[in-house]
Amino acid sequence: MRKRTFLKNLLALGVTASPGTNSFGQLLSRFEHIPPAQLASNEDFWAGIRAGYKLKPDYINLENGFYCFVPQETLENLIGHVREVNYQGSWYMRNERKGNKAATTARLAELGGCSPEEVVITRNATESLDLIITGIHWKEGDEAVMAEQDYGAMLNQFKLAAKRYGVVNKVVSVPNLPQSDEEIVALYSAAITPKTRLLMISHMINITGQILPVRKICDMAHSKGVQVLVDGAHAFAHFQFNLPDLNCDYYGTSLHKWLSTPLGAGLLYVKKGNAEHVWPLLAQGERDPNDIHRLNHIGTYPAYTDLAISDAIDYHHAIGGKRKEERLRYLQTYWTSKVRDIPGVIVNTPEDPARHCGIGNVGIEGLKPADFAKILMEKYKIFTVAIDGSNVHGCRISPNLYTTLDELDVLVKACKELAKA
Ligand SMILES: Cc1ncc(COP(=O)(O)O)c(C=O)c1O
């Protein structure tokens, strides 16, 4: 646990500041000798993790892709931080906030394997990514490349850039079940022309859970002098990687998704030397053009979020990033392997472990995704989201660490029964 004056205050108030001192800590030490791949299928351990969440009894929640609500430990810490920041008032903002935010930023940078000078805390992936899409020094006729499977808000931001700056958008379509990395690299490569300035790719496609070969795409784009913005909304703290290894120029993610921070937290990574290529959204005073903080003037904000992000990092490390990744992948392959070969069931997520992790997508032949989602909710008490566009027709299935195999068995049963109907 990191030492911070602020947390000492919380401890004095009797608020637990970090995992490791209670039954959660006992659970972790009981299972610490088990390697991640083996622990992925240890239901006793994951039942212990589930006990740390307050779950609604009304339905099985397989819609964690929107955001991963926080475990009780993080929630209680957040409430403590809200009380304390409110108690300290402006004194906190003037004396403690900056140092605490810098400490949290440094921890996020460590999690992403990059330098703290390359990272700022934002409110979400939308803010991080749209800041870059709008901030690039566009000239009329410059081209941008993206995929129809990218997130709608970013595609809209590119449409806005087209209206505002005359950017020409080239939209490719990524196959749901690609044969090779080269197939995807070639797809993006073919859309690049001498006028292309920026390529945006999803690290994990949100509607299917497909992981793209980001490094190979970035290397290809750079060989043609094109910068790459990566939408990592579903990748960061979901599966393990180091940001510099991706060789991208910009990376945006939400932290309230797979890092399980409270709502309203995101991260923007700008590779050293790139900040000067971007206009800020909100003006900051004069700074070094390559200081990433130029891009991060946000005014007064809910500063307790910075502290809760740190708690979420504690929780993430306590479980272990690799263990989390292995469990999430295990859960997805548990149910997809049971339905993939059933006639009438269409799994829209690749089978290759390098191309997937916790999120999957399944459709039923002849059943509209909206009707499928409705039946799942009404008959089987499973909450999902219907996806019906961009060549993907099915329900997105996004379990979380608290999901049990029994819950996934209900999904498997539903798919089998509906495919037969
Ligand atoms: C791929 C992708 N990018 C960006 C976003 C936007 O995230 P947020 O609403 O947290 O800004 C989402 C949200 O689901 C997403 O799935």
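Look a little higher up for the structure.
Residues numbered from 1 in each chain as written. Predicted model: local features only at pLDDT ≥ 70, side-chain atom pairs only at ≥ 80, totals over all residues.

Chemist: Any chance you could explain the sheet that holds strand S9 (residues 345-347) here in plain terms?
Modeler: Strands belonging to one sheet form pairs held by backbone hydrogen bonds; the direction of such a pair is parallel or antiparallel. One open sheet accounts for four strands, arranged S9-S10-S13-S12; its pairing is antiparallel. Pairing within the sheet leaves two strands with one partner each, and these edge strands are S9 and strand S12 (385-389). Put simply, the sheet's adjacent strands are angled 35 degrees from each other on average, direction ignored. Here five bridges tie S12 to strand S13 (residues 392-397), and the two strands are oriented antiparallel to one another. Bridge pairing in S13 links Asp 388 to His 393. Its contacts with the sheet put helix H15 (residues 369-380) on strand S10 (360-364), S12 and S13, and the angle it makes with S12 is roughly 170 degrees. Contacts from helix H16 (residues 405-420) reach S9, S10 and S13, with the element oriented near 25 degrees to S10. (Pairing = 2+ DSSP bridges. Helix = DSSP H or I, 4+ residues; strand = E, 2+ residues; numbered from the N terminus. Axes fitted to C-alpha atoms, helices over the stretch in contact; angles between N-to-C directions. Contact = placed C-beta atoms within 7 Å.)

Chemist: Sorry, what's going on with the site of the ligand here?
Modeler: Close to the ligand lie Asn 124, Ala 125, Thr 126, Tyr 151, Ala 153, Ser 202, Asn 206, Asp 231, Ala 233, His 234 and Ser 254, which account for all nearby residues. Its residues assigned to classes, the shell around the ligand shows four nonpolar, six polar and one charged. (Near = placed C-beta within 6 Å. Nonpolar A, V, L, I, M, F, W, Y, C, P; charged D, E, K, R; others polar.)

Chemist: Got a minute to help me understand the sheet that holds strand S5 (residues 196-202) in this structure?
Modeler: Read across the open sheet, the seven strands follow the order S2-S8-S7-S6-S5-S3-S4; overall the sheet is mixed. Single-partner strands in this sheet number two, and they are strand S2 (119-122) and strand S4 (168-172). Neighbour-to-neighbour, the strand axes of the sheet open up by a mean angle of 20 degrees, direction not taken into account. Against the sheet, helix H10 (residues 181-191) engages strand S3 (143-147), S4 and S5, with an angle of about 155 degrees to S4.

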